[in-house]
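# Structure at a glance
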Amino acid sequence: MTSIHTARTTRGSFLLSLALAFVLLPCAALAALPAPVEQDIGALLELNQHKHSAVNPGDYDALLDFVTKTSGDGRTLVPNKRIDGNGSVLRMTMKTSLSRMMRYCYNPAIPNYLLFPSVLRLGGWYAGSDIINKDPKPWLHLGKLDKPVALWGTEYEVNAPDSFGGGYYRYDLNRLIILTKYNGKNVLISVSKQKDKSTVGKKAVILDDGEWSYFYSGINGLNKGLIGWADTYMYDSASVQVFIEDSPNQTTFMLFKWLRAGWAGMNVVMKDHINDGATRYANAFKRIVESDKLPDPDELALRVRELSNLSDAELERKINAYAVAIENIAKTSPAMNKSEFQKVVEGGKYAKIMNREERVSAILVEYLKSRLGKRPLVDFPAAPTAKAL
């Protein structure tokens, strides 16, 4: 038994070295974050862990000043290591007001995976979260922020497969939301910290990233060549997101993100991996929130409620059509040319491994695709004329 364990550990160490040998990190024009910014990030991550503590604007003024003065996409910025993991920075602007953005993204009536379908499969708030019990419409504070407003809560998420490992995980996050003013501008600060180690990773495939089509196998492991055997975990993650409303129709967004994941306690996540995920997240989100085809938040929330409450028979009908569509896509995907994956999808059997929440999530994403002019895998009634946004 000891020799088997030693051989497996040696194999894991060798493959880790091999994997890292092929990771190319950019080495030109990288810049560390200023010390006061690092200090503010640390203070916010600490505040995240102390529910309903006092919020001191001095804990984030340097950060907000930095965000307002930074240009470019932020990729050359290198934050200090945190949670024993590497970090990354991303910056972009969106053509939307902060209030409108929050009515989609910080609205408990709309699941967050609908706004971030390229990086999330599932997500939701646990009971006891302030946004559920206390303040379900936090955007209403934006017109009267004479002092900061803070909300604490706990979320769960299941990620969509990344382009590096092809795995998906379920994990919980403590979330802190701060609404405040800075130099007369509305500001949202969103801070997350993973609670515990995730569930074991399962194999997934990106079928069509542009159409948000993914395959979730339910099989433990990674969809990644030599390391497909590994039991992998997201050990920890943390993020600080800053949204500053520059004008009634433009909001600047800056993300600071850390991730530690791998197997046998080893972290294999590099800055480039986080950059890739952050870019997929931001690009899809920007396209959705800027689209003139996006339903009004109230209408979208109504459709979410209707589709979430489909009868079992109607949901079964739609998910069976979805499963057949995934099977057809799989026939032309080289990544799906594995017997273990074919056994899951052949004959429309993919529907059988999905629980109700997973089925509803898939149908809701297809509904959103139908409204945004993409190619849905399930038919929906003709949409009403979109309201002016």
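Structure shown above.
On a predicted model such as this, the values are computed, not experimentally measured, just so you know.

### Observations regarding the pairing of strand β12 (residues 250-263)
Across the 14 residues that make up β12, a large majority, 12, are buried. What sits between strand β11 (residues 232-247) and β12 in their antiparallel hairpin is a turn of two residues. In the sheet, β12 pairs with strand β13 (residues 266-267) via two bridges, with the strands oriented antiparallel. Counterpart to G262 in the pairing with β13 is N267. Hairpin connection from β12 to β13: two residues lie between these consecutive antiparallel strands, with A264 at a positive phi of about 55°.

### Some thoughts on the side chain of E366
With respect to the secondary-structure elements, E366 resides in helix α10 (residues 356-372). A residue is classified by how much of its surface remains accessible, and E366, at 1% relative accessible area, is buried. What E366 contacts, discounting residues up to four positions off in sequence, is Y322, R375, P376, L377, V378 and F380.

### A look at the nonpolar core
Core analysis: the largest hydrophobic core is formed by 85 residues, its most contacted members being L114, F285 and Y350. Discounting chain neighbours no more than four positions away, the residues touching L114 are I288, L300, V304, L364, V365 and L368. Counting residues in hydrophobic clusters, the runner-up holds 29 residues, among them L44, L45, V240 and F256.

### Quick word on helix α2 (residues 35-48)
The end-to-end C-alpha distance of α2, which contains 14 residues, comes to 20 Å, matching closely the 20 Å that a straight helix rising 1.5 Å per residue would cover. Of the residues making up α2, those classed as buried are V37, E38, D40, I41, L44, L45, L47 and N48. Where the residues of α2 are buried, they touch α3 (61-69), β5 (149-159), β7 (170-182), β8 (185-194), β11 and β12.

The rules behind the values
The written sequence of each chain sets the order in which its residues are numbered from 1. Under the rules for a predicted model, residues below a pLDDT of 70 receive no local features and side-chain atom pairs below 80 are neither given nor counted, while totals for whole chains, interfaces and linings still include all residues. Working from all heavy atoms in the structure, the side-chain values ignore hydrogens and water. Summary of the burial criterion: residues with accessible area below 20% of their type's maximum are buried, those above 50% are exposed, and those between are partly exposed, where the area comes from a 1.4 Å probe applied to protein chains only. In this description a helix means any DSSP run of H or I spanning at least four residues, a strand means any run of E spanning at least two, and both kinds are numbered starting from the N terminus. DSSP bridges decide pairing: two strands pair if at least two such bridges lie between them. Contacts are assigned to residue pairs that have any heavy atoms within 4.5 Å of one another. Remark: nonpolar core denotes a set of buried residues (Ala, Val, Leu, Ile, Met, Phe, Trp, Tyr, Cys) joined through side-chain atoms within 4.5 Å. By definition here, a helix of n residues has an expected span of 1.5 Å times n minus one.

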